[in-house]
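# Structural overview for review
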Amino acid sequence: MSSTSPADPATQSRLDLAVSAARAAGTATLQWFRQSALAVERKGDGSPVTAADRAAESLLREQISAQFPDDAILGEEFGEKAGTSAYQWVLDPIDGTKSFISGVPLYTTLVAVLKDNQPLVGVIYSPATKEIVYAAAGGQSMYENGDGRAVEARVSGTERLAEATFLTTELKTFDEVGEKGSRGVYNQLEKACRLTRTWGDAYGYMLIATGRADVMIDPIMNLWDAAALQPIIEGAGGYYSDWQGRPSVHTGNSLATNPQLAGLVLSITREG
């Protein structure tokens, strides 16, 4: 595997495992993908979960615990396992379960590592399209498109919103945040940008990191949705923050774009 930077051994070993484990767990989900017998349950918040989500997270946890037993683990499906080191793994075995159960190939497996609560390693793996992008904080993001050849991931050079492709995950979430909702933010960006698409989830952030789209925002983000994104976007030369411009994965929303558009997008999101 290509290293994203001359990382210290502790970081590099966790990056290597994050990439290999994401591939293994993501590939395992394919046995359920587009299968008519797939059973879908509803969690307490109404979001869907499947046997594929649980099996993939179990596989991730097994591999992490075998190599780094002292590290903490937080996953969407099985909660938190305490650790004694400075490291915490954050897992979303299927980011985009709604896409997964609909047979849409734009779901991903997310693996992140935090050190002292700050993002250190991020991996986005798209099993159905066989794409992966990964990075360690401070290093170069790398992208592979199923052929095993790693190339540098770079955000776009688009300078005007009128030329930009704008992505988000789910439109109705803009009505669920804030006293009056955040639909005005969405409406402004949709009007300003050349093209708008949804079905985003983490695959959309991969598109930002590889220069195939220009702006992505989400008004609702859990830590397992966001933790992998910051090292990847920044390692691709991009800009990652919350809607107020804070470079954090802990504040519940997200913004990813290139440096040329960041100020323009923030001028809109800060009103939300």
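Further up the page is the structure itself.
First, a word on scope: everything that follows refers to the structure included in this document. (Residues numbered from 1 in each chain as written. Predicted model: local features only at pLDDT ≥ 70, side-chain atom pairs only at ≥ 80, totals over all residues. Heavy atoms only, no water.)

### A word on the sheet that holds strand β15 (residues 254-257)
Taken in spatial order, the five strands line up as β12-β11-β13-β15-β14 in an open sheet, and their pairing is mixed. Each end of this open sheet is capped by a strand with a single partner; those strands are β12 (195-197) and β14 (239-241). Adjacent strand axes in the sheet meet at a mean angle of 15 degrees, parallel and antiparallel pairs treated alike. Summarising the sheet, strand β11 (residues 165-167) and β12 pair through three bridges and their orientation is parallel. Residue pairing across strands places L167 opposite R197, the latter belonging to β12. Against the sheet, helix α5 (residues 201-209) touches β11, β13 (215-218) and β15, its axis set at about 150 degrees to β13. Its contacts with the sheet put helix α8 (residues 259-269) on β13, β14 and β15, and the angle it makes with β15 is roughly 150 degrees. (Pairing = 2+ DSSP bridges. Helix = DSSP H or I, 4+ residues; strand = E, 2+ residues; numbered from the N terminus. Axes fitted to C-alpha atoms, helices over the stretch in contact; angles between N-to-C directions. Contact = heavy atoms within 4.5 Å.)

### Observations concerning the packing of aromatic side chains
Aromatic rings considered in pairs are described by the distance between their centres and by the relative angle of their planes. All told, the structure shown has seven aromatic pairs when counted by the stated rule. For the ring pair F100 and Y107, a centre distance of 4.8 Å and an interplane angle of 80 degrees mean the geometry is edge-to-face. On the accessibility criterion, F100 (1% relative accessible area) is buried. One aromatic cluster in this structure is built from F166, F174, Y186 and W243. (Phe/Tyr/Trp six-rings, centres within 6.5 Å; stacked < 30°, edge-to-face > 60°. Buried < 20%, exposed > 50% of the residue type's maximum accessible area, 1.4 Å probe, protein only.)

### Side note on the environment of D147
Examined against the element boundaries, D147 turns out to sit in the loop between β9 (142-144) and β10 (151-152). Owing to a relative accessible area of 48%, D147 belongs among the partly exposed residues under this scheme. Engagement of the side chain of D147 in a polar contact is seen with the backbone nitrogen of R149, the distance being 3.0 Å. (Polar contact = N/O pair within 3.5 Å; in protein donor to acceptor, adjacent residues only side chain to side chain.)

### Overview of the pairing of strand β5 (residues 87-95)
Most of β5 is tucked away, with nine of its nine residues classed as buried. Inspection of the sheet shows strand β3 (residues 72-75) paired to β5 by four bridges, in the parallel sense. Pairing of L74 across the sheet is with V90, part of β5. Bridging between β5 and strand β6 (residues 108-115) involves seven bridges; their strand directions are antiparallel. Of the residues in β6, the one forming a bridge with Y87 is K115.

Distances and angles like these do not, on their own, reveal function.
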